[in-house]
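# Coordinate inspection notes
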Amino acid sequence: MTKYDWVADVKYDEKGLVPAIVQDAGTKDVLTLAYMNETSLAKTLETGETWFYSRSRQELWHKGATSGNTQTVKSITWDCDRDALLVLVDKEGPACHKGEESCFHETVAGEKSGSLASEENILLTLEALIADREKERPEGAYTTYLFEKGIDKILKKVGEEASEVIIAAKNRDAEELKWEVADLFYHVLVLLREQGLPLEDVLGVLVERHNK
């Protein structure tokens, strides 16, 4: 099966559409539910960015064509019946046309989950937040301060936090140690962003070592 052969094997509905759930590849937040037809799915594969079919306008649309909030496709998976798609993306800016990070931002029943991070995805969530801070540079934010000061300041902070981790461990102070390790993780993520090295690459090394 080539890159495009499977597009025709998707089970489209009577209108030639298939629902596509778009999910942030880093944070795993669900961003939107849209629809694709065979043409928009093929264009998504060709361009590497999401293309959908608007049921209201009855035309193709390229996500971010006017807003700049594009979505770079990392993977596409179909479900067991081949009648729904899961699209993992790296996004530029908000996914929702209302300016929200996700189209699913209004809780109507139960507790609001928002985009709260869990222990499983916190590093990826933090990486995404640091990336946003670097791009937007909000005034007064500590992350903005680090990026503006540059590599020397970031390296100094990594060294300082590493030293604090050593001291806390030497003192057998578990409470202090957890805070210092958290600070070290954060500053290492800032360093990785400054260097243009995705956390995914680092995790890949760990996976490779584990599987040996």
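Here goes a summary of the coordinates provided. (Residues numbered from 1 in each chain as written. Predicted model: local features only at pLDDT ≥ 70, side-chain atom pairs only at ≥ 80, totals over all residues. Heavy atoms only, no water.)

### Some thoughts on helix α2 (residues 122-136)
- For α2, spanning 15 residues, the distance from its first C-alpha to its last is 21 Å, which sits close to the expected 21 Å at 1.5 Å a residue.
- Considering only its buried residues, α2 is in contact with α3 (142-149) and α5 (174-195).
- Remark: R137 follows α2 within two positions and exhibits a positive phi of approximately 45 degrees. (Helix = DSSP H or I, 4+ residues; strand = E, 2+ residues; numbered from the N terminus. Expected span 1.5 Å × (residues − 1). Contact = heavy atoms within 4.5 Å.)

### Brief notes about the environment of E38
- Here E38 lies in helix α1 (residues 38-47).
- Residue classification places E38 among the partly exposed positions, given a relative accessible area of 42%.
- Each C-alpha atom, one on E38 and one on D9, is 9.6 Å from the other, the two residues being 29 residues apart in sequence.
- Beyond its immediate sequence surroundings of up to four residues, E38 is in contact with V7, A8, Y12 and G16. (Buried < 20%, exposed > 50% of the residue type's maximum accessible area, 1.4 Å probe, protein only.)

### What about the pairing of strand β1 (residues 18-24)?
- Within β1, five of the seven residues are buried, which leaves the element mostly enclosed by the surrounding structure.
- Bridge analysis of β1 against strand β2 (residues 30-36) gives six bridges, and the strand direction is antiparallel. Within the sheet, the bridge partner assigned to P19 lies in β2 and is Y35.
- Count of turn residues in the β1/β2 antiparallel hairpin: five residues, of which K28 carries a positive phi of about 70 degrees.
- In this sheet, strand β6 (residues 85-91) lies alongside β1 in parallel orientation, the contact comprising five bridges. (Pairing = 2+ DSSP bridges.)

### Notes on the packing of α2 against α3
- In contact at an axis separation of 9 Å, α2 and α3 are set at 65 degrees when each is read in the N-to-C sense. Taken as a pair, α2 and α3 cross one another with a handedness that is right-handed. Of the residues in α3, those in contact with I130, R133 and E134 of α2 are T143, T144 and F147.
- Of the residues belonging to the contact of α2 with α3, the class tally is two nonpolar, two polar and two charged. (Axes fitted to C-alpha atoms, helices over the stretch in contact; angles between N-to-C directions. Left-handed = near helix turned anticlockwise from the far one by under 90°. Nonpolar A, V, L, I, M, F, W, Y, C, P; charged D, E, K, R; others polar.)

### Thoughts on the nonpolar core
- Judged by nonpolar contacts, the single largest core of 18 residues is most densely connected at W6, M36, L41 and L85.
- Elements with a contribution of two residues or more to this core: β1, β2, α1 and β6.
- Here L85 is in contact with W6, V18, P19, A20, I21, M36, L41, I76, T77 and W78, once residues within four sequence places are set aside.
- Listed in part, the 13 residues of the second largest apolar core include L146, V165, L189 and V190. (Core = buried A, V, L, I, M, F, W, Y, C linked by side-chain atoms within 4.5 Å.)

### Description of the sheet that holds strand β5 (residues 71-78)
- Strand order in the open sheet formed by four strands is β2-β1-β6-β5, and the pairing between neighbours is mixed. Only two strands of the sheet have a single neighbouring strand rather than two, namely β2 and β5. Averaged over neighbouring strand pairs, the angle between their axes works out to 25 degrees when direction is ignored.
- With respect to the sheet, α1 is in contact with β2, β5 and β6, its orientation differing from that of β5 by roughly 125 degrees.

### Comments concerning the packing of α3 against α5
- As a packed pair, α3 and α5 sit with axes 11 Å apart at the nearest point and diverge in direction by 45 degrees. By the angle between their directions, the pair α3 and α5 is classed as oblique. The way α3 lies across α5 gives a crossing that is right-handed. Between α3 and α5, the residues in contact are Y142, T143, L146 and F147 and Y186, H187, V190, R193 and E194, respectively. (Parallel < 35°, antiparallel > 145°, perpendicular 65-115°, else oblique.)

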